[in-house]
Amino acid sequence: MGRPCDAHHPVLVGPAVRLQPSPQNFAISLLGVMDAQINDDKLEFKGGVELVLSDQTLNFLAMMKGDWRNPLGTKGLVMSNVAMQMGASFTTAPVLLPNVALTGELKIGSFKGAAALAFDTRNPAKSMIAASFNKIELDDLFKIVVDKKTQQKIPKGIQEALAKVFFQDIELQVVPQAIQVVDVIYDPGFRAAGKVSILGVSGEGRVEIDYTNGILLQGAVDPIDIGPFKLSGAG
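Thresholds, definitions, all that
Residues numbered from 1 in each chain as written. Predicted model: local features only at pLDDT ≥ 70, side-chain atom pairs only at ≥ 80, totals over all residues. Heavy atoms only, no water. Salt bridge = Lys/Arg side-chain N within 4 Å of Asp/Glu carboxyl O. Helix = DSSP H or I, 4+ residues; strand = E, 2+ residues; numbered from the N terminus. Buried < 20%, exposed > 50% of the residue type's maximum accessible area, 1.4 Å probe, protein only. Core = buried A, V, L, I, M, F, W, Y, C linked by side-chain atoms within 4.5 Å. Contact = heavy atoms within 4.5 Å. Pairing = 2+ DSSP bridges.

### Quick look at the pattern of salt bridges
- Under the criterion given, the structure shown has 3 salt bridges.
- Lysine 195 is the salt-bridge partner of aspartate 169, the closest N and O atoms lying 3.8 Å from each other. Within this pair, whereas aspartate 169 is found in strand β9 (residues 165-175), its partner lysine 195 is found in strand β12 (residues 189-198), the two being separated by 26 residues in sequence.
- Overall, aspartate 169 belongs to the partly exposed group, its relative accessible area being 43%.

### Here's the deal with the nonpolar core
- Residues Ala83, Ala101, Ala116, Ala118, Met128, Ala130, Val175, Val181, Val182 and Tyr186 constitute the largest nonpolar core, which totals 10 residues.
- Breaking this core down by element, the ones donating at least two residues are β7 (111-120) and β8 (128-137).
- Setting aside chain neighbours within four positions, we find alanine 130 in contact with Ala114, Ala115, Ala116, Leu172, Gln173 and Tyr186.

### Some details on the pairing of β7
- When strand β6 (residues 99-108) meets β7, the two strands line up antiparallel, connected through 10 bridges. Bridging across to β7, isoleucine 108 finds its partner in phenylalanine 111.
- The hairpin formed by β6 and β7 contains 2 residues between the paired strands, and glycine 109 there has a positive phi angle of roughly 60 degrees.
- Two strands pair when backbone bridges link them, and β7 and β8 are joined in this way by 6 bridges, in the antiparallel orientation. Considered in β8, the bridge of alanine 116 is made with alanine 130.

Structural measurements only, silent on function.
This is how it looks when you write it as structure tokens:
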């Protein structure tokens, strides 16, 4: 059995070796369960390292099942199903320049979301991000990130206005090129969509930029009636 350790010295428990003797694609892998301790949190990851000699690459993948509550002391935050993958090529020797990707689910209060991030150290312009969440209420977010003493100094009118601003069903993707992060394939393009309500006025929109097929813009807003000013219709 391995012993818990700090994040800088994780321990691989019960490792198994896998050999792929194909002359065209020779690879050797080390698989197992990795125990790690980050501050007071004991975490368990499953994964391994693969060395592919034919294309001179080193690949790492680890997944954490279950929940990580209050990570790094962030009260109320829950991270679930966190996964990390990393790939490096020996063709960039003597300096290894890895590609790193992270994915996972987040929950804090009524907010639930998921995110994936891939960073290409050799060409940062090829890095990608994808995120989605059910809703964000500015009032809830304000109460989470601002301490109570500061909250008491904010005028009541501003606090009431914050309670009337929220976003729902938000999606965002910025993907320069097709990429697979863990078990999900992302197509190239820019996509943003969601619903918003500000002081009782609601709307929704979608923007998609396909690098091959062009741009799609869609949007709609509830009728606005403020005294002599009226606006209705959809765009």
